[in-house]
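Take a look at the letters that make up each chain.
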Amino acid sequence: MSLRDWGWQSSFAELLLPGLEPARVVSQERDHYLVITASGERSAESSGRLLYAAEPPVAGDWVGLRSQMVIDQILPRRTRLSRRQPGKREEEQVLAANVDIVLVVTGLDHDFNLRRLERYRIVAAESGADLALILNKADLHPDVAAAVAAARGIAPGAPVLAISAQTGQGLDAVRDLLQPGRTAALAGSSGAGKSTLLNRLIGVDLQETNPVRAGDNRGRHTTTRRQLFPIPGGGLLLDQPGIRELQFWGGDAGDAFGEIAELAKACRYADCRHSTEPGCAVIAAASEGTLDPQRLESYRKLSRELAFAERRTNVAAAQAEKRRWKSIHRAMKRWRGEN
Ligand SMILES: Nc1nc2c(ncn2[C@@H]2O[C@H](COP(=O)(O)OP(=O)(O)OP(=O)(O)O)[C@@H](O)[C@H]2O)c(=O)[nH]1
Ligand SMILES: [Mg+2]
Ligand SMILES: [Zn+2]
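Rules behind the numbers
- Residues numbered from 1 in each chain as written.
- Chains lettered and ligands numbered in written order.
- Predicted model: local features only at pLDDT ≥ 70, side-chain atom pairs only at ≥ 80, totals over all residues.
- Heavy atoms only, no water.
- Helix = DSSP H or I, 4+ residues; strand = E, 2+ residues; numbered from the N terminus.
- Buried < 20%, exposed > 50% of the residue type's maximum accessible area, 1.4 Å probe, protein only.
- Polar contact = N/O pair within 3.5 Å; in protein donor to acceptor, adjacent residues only side chain to side chain.
- Contact = heavy atoms within 4.5 Å.
- Core = buried A, V, L, I, M, F, W, Y, C linked by side-chain atoms within 4.5 Å.
- Pairing = 2+ DSSP bridges.
- Donors = N, O, S within 2.8 Å, 3.2 Å for Na, K, Ca; no water.
- 1 Å grid on protein atoms, 1.4 Å probe; cavity = no way out; pocket = protein on both sides within 12 Å on 5 of 7 lines; lining within 4 Å.
- Points joined across faces, edges and corners; volume = space filled by probe spheres on them.

1. Some thoughts on the side chain of Thr223
Then step 1. By the element assignment, Thr223 lies in the loop between α5 (194-202) and β12 (227-230).
Then step 2. Overall, Thr223 belongs to the buried group, its relative accessible area being 13%.
Then step 3. A polar contact is formed between the side chain of Thr223 and the side chain of Ser195, at a distance of 2.9 Å.
Then step 4. Sequence-distant contacts of Thr223, that is, excluding residues within four places in its chain, are made with Ser195, Gln207, Glu208, Asp239, Gln240 and Pro241.

2. Describing the nonpolar core
Then step 1. Core analysis: the biggest nonpolar cluster contains 59 residues, and Val102, Leu133 and Phe257 have the highest contact counts within it.
Then step 2. Setting aside its immediate chain neighbours within four residues, Leu133 contacts Val104, Leu117, Ala151, Ala155, Pro159, Val160 and Leu161.

3. Brief notes about the pairing of strand β13 (residues 236-239)
Then step 1. Of the two faces of β13, both are covered, the one formed by Leu236 and Leu238 as well as the one formed by Leu237 and Asp239.
Then step 2. Pairing geometry for strand β11 (residues 183-187) and β13, over 3 bridges, is parallel. Paired with Thr183 across the strands is Leu236, a residue of β13.
Then step 3. Turn length for the β12-β13 hairpin, with the two strands adjacent in sequence and antiparallel, is 5 residues, and the turn residue Gly233 shows positive phi of about 95 degrees.

4. Digging into the coordination of the magnesium ion (ligand 2)
Then step 1. Summarising the metal site, the magnesium ion (ligand 2) is bound by the protein donors Ser195 (OG) and Thr223 (OG1), whose distances to it range over 2.0 to 2.1 Å. Separated by 28 residues along the polypeptide, Ser195 in helix α5 and Thr223 in the loop between α5 and β12 bring together distant segments of the chain. In this pair, the class of Ser195 matches that of Thr223, namely buried.

5. What about the coordination of the zinc ion (ligand 3)?
Then step 1. The coordination sphere of the zinc ion (ligand 3), as far as protein atoms go, consists of Cys267 (SG), Cys272 (SG), His274 (ND1) and Cys280 (SG), spread over 2.1 to 2.4 Å.
Then step 2. The sequence pattern describing where the donors of the zinc ion (ligand 3) fall on their chain is C-x4-C-x1-H-x5-C. Pair noted here: Cys267 is in the loop between α7 (258-264) and α8 (281-288) and Cys280 is in the loop between α7 and α8, with a separation of 13 residues, a long-range link. Each member of the pair, Cys267 together with Cys280, is buried.

6. Section: empty space enclosed by the protein
Rolling a probe over the atoms, with the probe sized like a water molecule, indicates the empty space that remains.
Then step 1. With the rule as written, the count across this model stands at 1 cavity of 30 Å³ or more.
Then step 2. Within this model, the largest cavity holds a volume of roughly 50 Å³.
Then step 3. Around the largest cavity sit Leu81, Leu95, Val102, Tyr120, Val123, Ala124, Ala187, Ile243 and Leu246, which together line it.
Then step 4. The element contributing the most residues to the lining of the largest cavity is helix α2 (residues 114-127), with 3 residues.

If you want it as structure tokens, here you go:
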């Protein structure tokens, strides 16, 4: 396989620092990286400079290698799939880079949840990648057409595919989304069947899979790191661990709720939040039944959450800037011999 098969485009060469060799990060385990170069797979580590930079390389990154095994440059990311780092830190966690399309996999068992799909839609839009919804385990659902229609309502314009990774139903439609040189990323909860789908597309069981728990249908967090796989027939597919907590780092609810944005044009106030304002066309539509009241409820909830995320992000950025200046001032004092 050539680098081109891994998604390399000749225009990337201009972005590479002189003397560095191009490579793509296939997977990452702490500070160990598996990368692919023109001459094959190699393990590499990140240079100290990059490790202390705000962002370490992640799966999907195009990087510049120095002396065969040191990553010395991350090429500008065309897209970045991010969330807020779980836990307390106010930090962005970039999950993957240069993903062209996010395939959100949801199981048509107890995993199926429209509100979760709304969150994924916002995260995918913010990443810059396209979105497709894959309703897996169609073999387990009594009314697949209804589930597809409901999912279409969440993401108008995005492909919605009902498939069964187990029986093979619908896999050709998934293959159509994987074009040569294009990078797709699987995302979804643990147990949705991401790795089963990947194995099916490759035709070999490369990834471990495990049955969901009998009691509550939850997955067992079988996949533990992100890894990029070439798919026979073309295209690259990133398998990811199941996401427990999809907290926003940034994003916009307005784009994800097109029908509400459309109705809002008729609200009396241009900055109407559709909560208690008089003359609100959105509230009117929800009470008349032309707008699904659950959509309005999620719109309000997600807008609040995104506004909160933005405030937190600004505070974190301001603190980082302050720390940076403090260390610059300290260095200047030392330099002037004041300290
Ligand atoms: N009935 C049915 N079961 C499926 C289907 N696809 C996957 N499964 C089963 O669902 C279970 C979980 O599948 P995995 O592929 O391990 O799920 P995952 O999304 O990779 O989970 P994590 O790696 O934990 O994030 C396995 O027992 C699969 O056999 C399907 O289409 N139908
Ligand atoms: Mg898995
Ligand atoms: Zn309104």
